[in-house]
Amino acid sequence: MAEAREATRFAPSPSGRLHVGHVLAAVEARRLADELGGLCRLRIEDIDLQRCRPEYAEALLDDLAWLGLRFDGEVMVQSRRMEIYRQALELLKGMGVLYPCFCTRKEIAERMAEMPRAPHGTACDAYPGTCRAMGQGEREARLAAGEAHAWRLDCRRVQDVTGSLEWLDLNEGRQVCEPSRLGDVILARKDFPVSYHLAVTVDDAAQGITHVTRGMDLFESTHVHRVLQALLGLPVPVWKHHGLLCDEYGRRLAKRDGARSLESLRSAGMEPGRLLASIEQALARGGVWKME
Ligand code: GLU
């Protein structure tokens, strides 16, 4: 049982070595937990078996220990929780808010190319809705034939079930929930029985997370997570999406910038205290990170 204390979490995906952007996310989670007198949990988000590797998971634990960042309680590992995600998926299917999607990436790309662009080019046009419109007979026949399929959230139906919802971001204020911003997202992939959105929502509840800190790049995803919480009857945390680090030219720091991985910084003789200080300096300059 999760303790009834306020809790934040750091939830890296072990698809490469940690980089300075991860250090910021970890620092933000630890700092908010300390401000609240609460706990900071660690979760390894390794459900993408093609990209994640056990050796990266080990390396990230080693990097966090080297940094001296402390986490509370047991480390949660998503790849060990498949049965729990499967049950959540079944619940959602039973509510009629999911539909199977048989489209290949190529088919989606072709359909998208034919469609008029949405005025603001938002992520709404990420999926053309082909399988949403499929008749029940065809759907059942294709499922019965064992055709490979993902499961998508039917954003149009979802709001009829949940009614209007809100969520609170400590930096950005109260948000009216608009799950359709990301389109009909995938909740279970063709090759894998769960997706980021479902696993993260189930796990934040399981770890008793009251305050979700993460980068602004995941802000839109929160609309989906809020809806899933309502559907699955899970507690609703508050969120604090933080800014992302960039280089002097305003380019976002990313995993591909090998020079900012902890592996290369450590092997170049970097001290953990100096790295943590560089993150504080970056925050003081609006997110521009450079190694002094
Ligand atoms: N696992 C995600 C990542 O490494 C973060 C997920 C989250 O904080 O919700 O980008």
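Residue indices follow the written sequence of each chain, beginning from 1 at its first position. The predicted nature of this model means local features are confined to residues of pLDDT at least 70 and side-chain atom pairs, given and counted, to a pLDDT of 80 or more, with totals for whole chains, interfaces and linings taken over all residues. The side-chain numbers reported here are obtained from all heavy atoms of the structure, hydrogens and water having been left aside.

Under an unreviewed UniProt entry, the name given to the protein chain is Glutamyl-trna synthetase signature, and the organism recorded is Akkermansia glycaniphila. UniProt positions are given in the numbering used here, feature names are shortened, and annotations may be inferred rather than shown by experiment. The record in UniProt for the protein chain states the following under Sequence similarities (unreviewed entry): "Belongs to the class-I aminoacyl-tRNA synthetase family."

This brings us to the overall build of the protein chain. On a plain count of helices and strands, the protein chain comes out with 10 helices and 10 strands. Taken against the 2.2 N^0.38 rule, which gives 19 Å for 292 residues, the C-alpha radius of gyration of the protein chain at 20 Å falls within 12% of a compact globule. Throughout, a contact is declared for two residues whenever any of their heavy atoms are within 4.5 Å. Of all intrachain contacts in the protein chain linking residues separated by at least 6 positions in sequence, the fraction that spans at least 24 positions is 79%. We get accessible surface area from the Shrake-Rupley algorithm with a probe of 1.4 Å; when it comes to residues, only the shown protein chains can shield them. When the accessible surface of the protein chain is summed, it comes to about 14,300 Å², and 51% of that surface belongs to carbon and sulfur atoms. Counted charges follow a simple rule, with Lys and Arg positive, Asp and Glu negative, and His plus the chain ends left uncounted. The atom standing in for a charge is NZ when the residue is Lys, CZ when it is Arg, CG when it is Asp and CD when it is Glu. In the protein chain, which carries 40 positive and 42 negative side-chain charges, the distance between the mean positions of the two groups comes to 2 Å. Comment: elements are numbered from the N terminus, with helices defined as DSSP H or I runs of at least four residues and strands as E runs of at least two. With the radius of gyration taken over C-alpha atoms, the globule rule is written as 2.2 Å times the number of residues to the power 0.38.

Take the site of the ligand next. The ligand sits among R9, A11, P12, S13, E45, Y196, V200, R214 and L218. A distance of 2.8 Å separates an oxygen atom of the ligand from a polar side-chain atom of R9. A distance of 2.7 Å separates a nitrogen atom of the ligand from a polar backbone atom of A11. Considering the ligand on its own, with 300 Å² of exposed area, one finds that the protein chains cover 78% of that surface. The nonpolar class holds Ala, Val, Leu, Ile, Met, Phe, Trp, Tyr, Cys and Pro. Asp, Glu, Lys and Arg form the charged class, and all remaining residues, Gly among them, are polar. Residue classes in the shell around the ligand are distributed as 5 nonpolar, 1 polar and 3 charged. Put simply, a residue is near a molecule or strand once any heavy atom of it comes within 4 Å of that molecule or strand. We define a polar contact as two N or O atoms separated by no more than 3.5 Å, with the added condition that, inside protein, one atom must be a possible hydrogen donor and the other a possible acceptor, whereas residues neighbouring each other in sequence contribute only through side-chain atom pairs.

On to the sheet that holds strand β4 (residues 98-101). Strands pair, by our definition, only if DSSP identifies at least two bridges between them. With respect to topology, 3 strands assemble into an open sheet ordered β4-β5-β8, the strand pairing being antiparallel. Every interior strand has two partners, whereas the edge strands, β4 and β8 (186-188), have only one. Strand-to-strand twist of the sheet, defined as the mean angle between neighbouring strand axes without regard to direction, takes the value 45°. The sheet contact formed by strand β5 (residues 150-153) and β8 spans 2 bridges and is antiparallel. Opposite R152, over in β8, you have I186 as the bridge partner. A fitted line through C-alpha atoms represents every axis, and for helices the fit uses only the stretch in contact; the resulting angles, taken between N-to-C directions, go from 0 to 180 degrees.

Residues belong to one nonpolar core when they are buried, are Ala, Val, Leu, Ile, Met, Phe, Trp, Tyr or Cys, and are joined through side-chain atoms within 4.5 Å. With a 1.4 Å probe rolled over the protein chains alone, any residue whose accessible area is under 20% of its type maximum counts as buried; one over 50% counts as exposed, and the rest are partly exposed. By size, the foremost hydrophobic cluster in this structure holds 32 residues, and its most contacted members are L92, L98, L153, L187, L198, L228 and L231. Those elements that provide at least two residues to this core are α3 (82-94), β5, β8, α7 (196-206) and α8 (221-232). If one sorts the elements of this core by residue count, α8 sits on top with 5 residues. The contacts of L231, once residues within four sequence positions are left out, are L92, M95, V97, L153, V158, V161 and T162. Membership of the second largest hydrophobic core comes to 26 residues, among which are A25, C40, L262 and L265.

Further remarks concern the confidence of the model for the protein chain. For every residue, the predictor assigns a confidence score, pLDDT, that lies between 0 and 100. In the predicted model, the protein chain carries a mean pLDDT of 92, and the fraction of residues at 70 or more is 94%. Here residues 119-124 is modelled with pLDDT under 50, and outside its nearest four sequence neighbours on either side it reaches 6 contacts, counting other chains as well.

Another aspect to go through is the packing of aromatic side chains. Only centres within 6.5 Å qualify two rings of Phe, Tyr or Trp (six-membered ring in Trp) as a pair; their planes then separate them into stacked at under 30 degrees, edge-to-face at over 60, and tilted for everything else. Inspection of the entire model under this criterion finds 3 aromatic pairs. Centroid distance W167 to F219: 5.0 Å. Interplanar angle 55°. Geometry classified as tilted. Of this pair, W167 sits in strand β6 (residues 166-169) while F219 sits in the loop between β9 (211-215) and α8, and the two are 52 residues apart along the sequence. When sorted by exposure, W167 lands in the same class as F219, which is buried. Each ring, one from W167 and one from W239, has its centre 5.5 Å from the other, and the planes form 70°; the classification is edge-to-face. In this pair, W167 is assigned in strand β6 and W239 in strand β10 (residues 238-242), connecting sequence segments 72 residues apart. Each member of the pair, W167 as well as W239, is classed as buried. Counting every residue linked through ring pairs, the aromatic cluster contains W167, F219 and W239.

This part is about the sheet that holds strand β3 (residues 76-77). Either a parallel or an antiparallel arrangement is found when strands of a sheet pair, and the pairing is made through backbone hydrogen bonds. Pairing within the open sheet is parallel, and its 3 strands lie in the order β1-β2-β3. With partners counted over all chains shown, the strands left at the sheet margins are β1 (7-10) and β3, one partner each. Sheet strands in contact with α7 are β1, β2 (39-44) and β3, and its direction is about 145° off that of β2.

Counting buried positions over the 5 residues of β10 gives 4, a clear majority of the element. Looking at chain direction, β9 and β10 are connected through 5 bridges and run parallel. Of the residues in β10, the one forming a bridge with R214 is H241.

Mapping T8 onto the fold places it in strand β1. Among residues more than four places away in sequence, those in contact with T8 are A29, L32, A33, L39, C40, R41, I209 and H211.

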